[in-house]
Amino acid sequence: MKKVELINFQKSYDQRTQVLKGIDVIIEPGEFFVLVGPSGCGKSTMLRMIAGLESISGGDLFLGDKKANHLTPSQRDLSMVFQNYALYPHLTVEENITFGLHVKKIFKKEQKMRCEEAGEMLGLTDYMKRKPKELSGGQRQRVALARAIVTHAPLCLMDEPLSNLDAKLRARMRSEIRQIQRKLGLTMIYVTHDQTEAMTMADRMMILNGGEVQQIGKPMDIYNEPKNTFVASFMGAPPMNLIHAKVKGSSLVVDEQWLIPMSESIRAAAQLNEVTIGVRPEHIQLANDDEPGFVVVVSNVEVLGTETLITFNIGDKKQWIARWSGQWNLRIEQPLRIFIEDQHLCLFDAQTGGKLDGSQDSSFLNKEWITI
Amino acid sequence: MNLAQREPSPFKTYDEPERRRWMSSPFLAGMLFLLPSLVLFGVFLFYPMMRTIYLSLYLIDTQGEPLVFVGVENFINLFQSSSFQTSAKATGLFVLYTVPIGLILALVLALLANEKVKGIGFFRTMFSSTMGMSVAASSVIWMFMYNPSIGIMNRLLSGIGMSEVQWLLDPQFALMSVAAATIWMNTGFTFLILLGGLQNIDQQLYESARVAGVSDWYKLRKITLPMLSPTLFFVTVVSLINSFQTFGQIDILTKGGPMESTNVIVYSIYKDAFINYNVGSASAQAVLLFFCILIVTVLQFKLTERKVHYQ
Amino acid sequence: MSLTKKIVTYTLLASFTLIMMFPILYAFLISFMQGGEVLQGKLWPESFSFDNYISAFEKVPLLTYLLNSLIVSTVIMIGVLAVSSLAAFAFVFINFKGRDILFYLFISTMMIPWEAAMVPNFQTVQALGWLNSYAGLTIPFFALAFGTFLLRQQFKTIPHELYEASQVSGISRFRFFYKIALPVSKTSMVTLGIYSFLTAWNMYLWPLLVTNNEAVRTVQIGLKQMQSQEISTEWGVVMAGVVIVILPTLVLLFLGQKRLQEGLTQGAIK
């Protein structure tokens, strides 16, 4: 177990292009910390800087309590799993797992013991004498994991380790990696572009975009309280539904069609002419007769077995998706009257995308949606 | 602005003496790995090339030591000497005789050997066999084949009722005879590279052509040759350079004769330097050879960028 | 493929094979002939006797020459492999200032015809006291731009993560080089090995310049010596010498033809 601390962590190439713009975070010992973001957001760069594979342009890196900015990768006492596993093709599984252990002054006997232990943990015992090319994708992945485990390094870095596996295997390896991490008490920094992976595995996660931290927190907090529209649309599948609205007097107007009355106090605090409204798909309900709602037209239906995704047009250009549990047999073009509880509406600044405080608190909204 | 204040000073802030092996001095490591090559190139290529240029500007004694700086006099003497003119002409003709025919022959062989028929591996090996033949061995064989009284060439001629030819002793025929032998010697190498180029062509292109139902000739012109053009270009340049550098077959077959008709440039350099002890003249010729090849390679780089089709 | 096309293809293949192989077969047949048969201009020997081979070994120290050639070629092969692979490794795996300039320097070596530099080279080797020595015959040929390019192409196919993984485990550059990069590139190393061995075995001009005694003379020069001594009389013996000289390289070529072809294409065209 080891604490990892980044202070104003920066990366720039040729002194100009800023890849990482001053990142501050403390990763607690034994924590499973996920870095997530779209490709090119700087998450892999950040991981490689922690590993020592890329130089640090500015700021500090502390591993444990030791400043590590200029330590070589091997001096940082960490292990790393690569996206393509980085297995040495001419060495057997066993040799791959123990390769490099001699550098850490581990005797042959101990090497063998650790190798067997790791192999057993990952179900590789029968494959020890094989070469990587004789293994399936999942087995190769396990060898890469075993290689990280045998070093007994307290910090493990993983760079999209599951992206080369098929969906089924990925789901299984997710839980396997998580279990091993818990069992060994590793501090894990895990990079992925897959929000499902991030949601299901992380103790805490950091969402990065354009080299800047968007939000750090526990998966559920991030899901429920996205700090801005980027996080809102990045986390969750399907993503949060967003739409522009104009503030007109005491109401929000969506596409000149729907009018949402808004309480006076919040409008005064916000001082905005335009906002973005966000709603999670599962929070769009079919309106009961006694509930106020508005009518939309169904444009696509995907029945997934336990739930159904309904796409409908809102406004002239936008499409929203609702997620209802159960199987719904709806016609295309069928009109639906939908309803959103006030507590599930998120309001964002239309310009900056930042969340408007208190928007989760529904008191500023009047209860009724009125269709113009 | 907050960010401006926190602007990093990336290369000054950290001066801890922690820089070590990996991240530390890639320059030193890189140089260490390159050192053997650099030293060898320096001693046995760059230095002697410079030295050749230097010597070409001096009057040299028979020990090879420069005596007096004479500027371009060696070159002027060279251009005025009929011997050099003959040599330049012989070299030019030799290149002209060997390169185009050699390329066409190798291309035909490569196209044939690229057919997917049974036992093609055997034919490929046969066609490439001259690559394993040394210049000396090949030249000795051809010398015997050209032997006026017992060689196969004259026996073939007399077989079809023509008069015998002094292949290597007649100034009219000597250069052509050596060229023919040279073409044969170089075919193996050229063939191997062209065959490799052919096999690198995406088979799907041919499959789609087959679906379209075009003729073999059309396929050759519209798919094979354009796709092969980088390889063809490369072997052209290599053949040109090789042709300029011909030595062994001349030394064994004709020794530059008869009447200097086969005295190509490298043989001429060799003779001037090591037989006539005229290092100044040899160096001047070497400099000219260098520029000839420089032009060919520079042209290669220029043209590869533009004309040749790469995938 | 239609039958006509097949017949045409095979006919062409066979006739070109005959043309290409004729000189080699011819030499082979002559090497078994008695002196009289050769002079009559026969194509097929009356009997296959090895007399010419025996006298070839008796007339010139062919065995010494063969051994010399073997030593020289092997040393050059090892030298080329070592020097080229080190350079190629630096170009692929070490990112240092000036790397591009050095790479252009390597390319530029291909523009210098070796023959243009041979006079000063001879003087250098003479000054070093390397005339008539293995050192003089081999060391100038260790650095090979082509070999560096070929292995550079190969090393580029090694995933960079392998290198990074070994950085994380703390393996030194050199250990990564000989424990991972070289074994993984076995095929290309073999190709380059065959290529450099062939070229070294067939080298002619340089051994002619730097050897003038039998102790280190290579087999190619031996052949020239044989041919100029025996010329008019004993062609059978000369041809026996030729066959002995070409046999090792032909066998090597036949074994490695496919590999060589792939390697040459790879190194030549990016």
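The name that an unreviewed UniProt entry assigns to chain C is Glycerol-3-phosphate ABC transporter permease, with the source organism given as Jeotgalibacillus soli. Under the heading Subcellular location (unreviewed entry), UniProt records this for chain C: "Cell membrane". Under the heading Sequence similarities (unreviewed entry), UniProt records this for chain C: "Belongs to the binding-protein-dependent transport system permease family."

Per an unreviewed UniProt entry, chain A goes by the name ABC transporter domain-containing protein and belongs to Jeotgalibacillus soli.

Undergrad: Looking at this structure, how should I read the packing of helix α4 (residues 62–93) of chain C against helix α8 (residues 145–156) of chain C?
TA: Two numbers describe a pair of packed helices, the interaxial angle and the distance between the axes. All names here are of chain C. Running from N to C, α4 and α8 cross one another at 50 degrees; their axes reach a closest spacing of 8 Å. The pairing of α4 with α8 is recorded here as oblique in orientation. As α4 packs across α8, the resulting crossing turns out to be right-handed. When α4 is examined against α8, the residues Leu81, Ser84, Ser85, Ala87, Ala88, Phe89, Phe91, Val92 and Phe93 are found in contact with a partner set consisting of Gly147, Thr148, Leu151, Arg152, Phe155 and Lys156.

Undergrad: Sorry, what's going on with helix α5 (residues 167–184) of chain A here?
TA: Think of an α-helix as 3.6 residues a turn; residues three or four steps apart then line up on the same face. All names here are of chain A. Helix length check: α5, at 18 residues, gives a terminal C-alpha distance of 26 Å against a target of 26 Å (1.5 Å per residue), a fit within 8%. All buried positions along α5 are accounted for by Met173, Arg174, Glu176, Ile177, Arg178, Ile180 and Gln181. Against β3 (32–36), α3 (108–121), α4 (137–150), β7 (155–159), β8 (187–192) and α6 (195–201) lie the buried residues of α5.

Undergrad: For this particular structure, what's the right way to read the sheet that holds β7 of chain A?
TA: Whenever strands of a sheet pair, they do so through backbone hydrogen bonds, lying parallel or antiparallel. Residues and elements named next belong to chain A. Read across the open sheet, the six strands follow the order β6-β7-β8-β3-β9-β10; overall the sheet is mixed. Only two strands of the sheet have a single neighbouring strand rather than two, namely β6 (78–81) and β10 (212–217). The mean angle between the axes of side-by-side strands here comes to 15 degrees, regardless of whether they run parallel or antiparallel.

Undergrad: What is the right way to read the UniProt feature "domain: ABC transporter" (unreviewed entry) in chain A from this model?
TA: Listed under "domain: ABC transporter" (unreviewed entry) in the UniProt record, and renumbered for this structure, are residues 4–235 of chain A. In the segment residues 4–235 of chain A, helix accounts for 34% and strand for 26%; the C-alpha atoms at its two ends are 25 Å apart.

Undergrad: Quick question: what am I supposed to make of the packing of helix α3 (residues 73–80) of chain B against helix α4 (residues 82–113) of chain B here?
TA: Residues and elements named next belong to chain B. Remark: α3 packs on α4, axes separated minimally by 5 Å, with the N-to-C direction vectors making an angle of 75 degrees. Looking at the two axes, α3 sits roughly perpendicular to α4. Of the residues in α4, those in contact with Leu78, Phe79 and Gln80 of α3 are Ser82, Phe84 and Gln85. Tallied by class, residues from the contact of α3 with α4 come to three nonpolar, three polar and no charged.

Undergrad: Where do I start with the pattern of salt bridges in this structure?
TA: Any two side chains of opposite charge can pair if their charged atoms end up close together. Overall, the coordinates contain 23 salt bridges over all chains when judged by the stated rule. Residues Glu5 of chain A and Lys3 of chain A are paired through a salt bridge, measuring 3.9 Å at the closest nitrogen-oxygen approach. Accessibility expressed as a relative area gives 26% for Lys3 of chain A, which makes it partly exposed. The closest approach of N and O atoms between Arg114 of chain A and Glu110 of chain A, which form a salt bridge, is 2.9 Å. With Arg114 of chain A and Glu110 of chain A both in helix α3 and four residues apart, the pair spans about one turn of that helix. By relative accessible area, Arg114 of chain A is classed as buried at 11%. With relative accessibility at 29%, the residue Glu110 of chain A sits in the partly exposed group. Linked by salt bridges that have partners in common, Lys11, Arg48 and Glu54 of chain A together with Glu164 of chain C make up one network.

Rules of the game
Residues numbered from 1 in each chain as written. Chains lettered and ligands numbered in written order. Predicted model: local features only at pLDDT ≥ 70, side-chain atom pairs only at ≥ 80, totals over all residues. Heavy atoms only, no water. UniProt positions renumbered as here; feature names shortened; annotations may be inferred. Axes fitted to C-alpha atoms, helices over the stretch in contact; angles between N-to-C directions. Helix = DSSP H or I, 4+ residues; strand = E, 2+ residues; numbered from the N terminus. Parallel < 35°, antiparallel > 145°, perpendicular 65-115°, else oblique. Left-handed = near helix turned anticlockwise from the far one by under 90°. Contact = heavy atoms within 4.5 Å. Expected span 1.5 Å × (residues − 1). Buried < 20%, exposed > 50% of the residue type's maximum accessible area, 1.4 Å probe, protein only. Pairing = 2+ DSSP bridges. Nonpolar A, V, L, I, M, F, W, Y, C, P; charged D, E, K, R; others polar. Salt bridge = Lys/Arg side-chain N within 4 Å of Asp/Glu carboxyl O.

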